[in-house]
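Tertiary structure, described
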Amino acid sequence: MLYIGRATSLRSRVASYWGDLRDRQHLAPMVGRVAAVEAAVCASEHEAAWLERNLLECSLPRWNRTAGGQEVAVCIALRGASRAPALKVVHADAVVGADDGQAGVRYFGPYLGGARVRLAAAGLHRVLPLGYAGDGQRGTVADLAQRRGVGSSDRAALVAALTAVLDRD
């Protein structure tokens, strides 16, 4: 195996290697060694990213630059049973060894693509503002919680709703 990659258009991706390599002249020796191209069809972009990541972790071909692909594996941490409830994005490596449910934290994922997951978490916070449902809010946070109509009595319902969304119920 020389290289593992993914593309939405396999035809144009493969053609780019046999056309003008421009600033990728370092790939010319690889192209000269290609005997066959093998493709796997995936149901989604996300599935393709996971397949690429798993294949790269098993065997890093000489022409690939990164062992796990371009996307970072992250998890969503939901902390609901605390003074400061929160929905946060954490690196999946940080979750390894962490007990699910430890200190009121539940982890969802892993997901690929930290930027997309952070956008999703920010959207969830806008719709279900768990961060404003803590005990003893003061200052700006208390003012924002009041304006959003959220208090500590809403924490259980917000945690349940976020859990349902993240569990895909």
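Quick caveat, the model's predicted, so the values are computed rather than measured. (Residues numbered from 1 in each chain as written. Predicted model: local features only at pLDDT ≥ 70, side-chain atom pairs only at ≥ 80, totals over all residues. Heavy atoms only, no water.)

All right, on to the pattern of salt bridges then. Counted according to the given criterion, the structure contains 7 salt bridges. Put simply, Asp-20 and Arg-22 hold a salt bridge, and the shortest N to O gap is 3.9 Å. The partner of Asp-135 in a salt bridge is Arg-155, with the nearest N and O atoms 3.6 Å apart. Taken together, the positions of Asp-135 in the loop between helix 5 (114-127) and helix 6 (139-148) and Arg-155 in helix 7 (residues 155-166) put the pair 20 residues apart, joining distant regions of the chain. The exposure class of Asp-135 is partly exposed, given its relative accessible area of 34%. Residue classification places Arg-155 among the buried residues on the basis of a relative accessible area of 17%. (Salt bridge = Lys/Arg side-chain N within 4 Å of Asp/Glu carboxyl O. Helix = DSSP H or I, 4+ residues; strand = E, 2+ residues; numbered from the N terminus. Buried < 20%, exposed > 50% of the residue type's maximum accessible area, 1.4 Å probe, protein only.)

All right, on to the sheet that holds strand 2 (residues 86-91) then. An order of 2-1-3 is seen for the 3 strands of this open sheet, with the pairing classed as antiparallel. The outermost strands of the open sheet, each flanked by one partner alone, are strand 2 and strand 3 (105-112). Looking at each pair of strands side by side, their axes are set apart by 25° on average, direction ignored. Where strand 1 (residues 73-79) and strand 2 come together, 6 bridges link them in antiparallel fashion. Looking at the pairing, Val-74 lines up with His-91 of strand 2. Strands strand 1, strand 2 and strand 3 of the sheet are contacted by helix 5, whose axis makes an angle of about 175° with strand 2. (Pairing = 2+ DSSP bridges. Axes fitted to C-alpha atoms, helices over the stretch in contact; angles between N-to-C directions. Contact = heavy atoms within 4.5 Å.)

It is worth spelling out helix 5 at this point. Taking 1.5 Å as the rise per residue, helix 5 with 14 residues should run 20 Å; its terminal C-alpha atoms sit 20 Å apart, in good agreement. Every buried residue of helix 5 is listed here: Gly-114, Val-117, Ala-121 and Leu-124. With its buried residues spanning 85° around the axis, helix 5 presents them on a single face. Along helix 5, exposed side chains directed more than 90 degrees from the buried face belong to Ala-115, Arg-116, Leu-119, Arg-126 and Val-127. (Expected span 1.5 Å × (residues − 1). Arc of directions from axis to C-beta.)

Read these as geometric descriptors, not functional statements.
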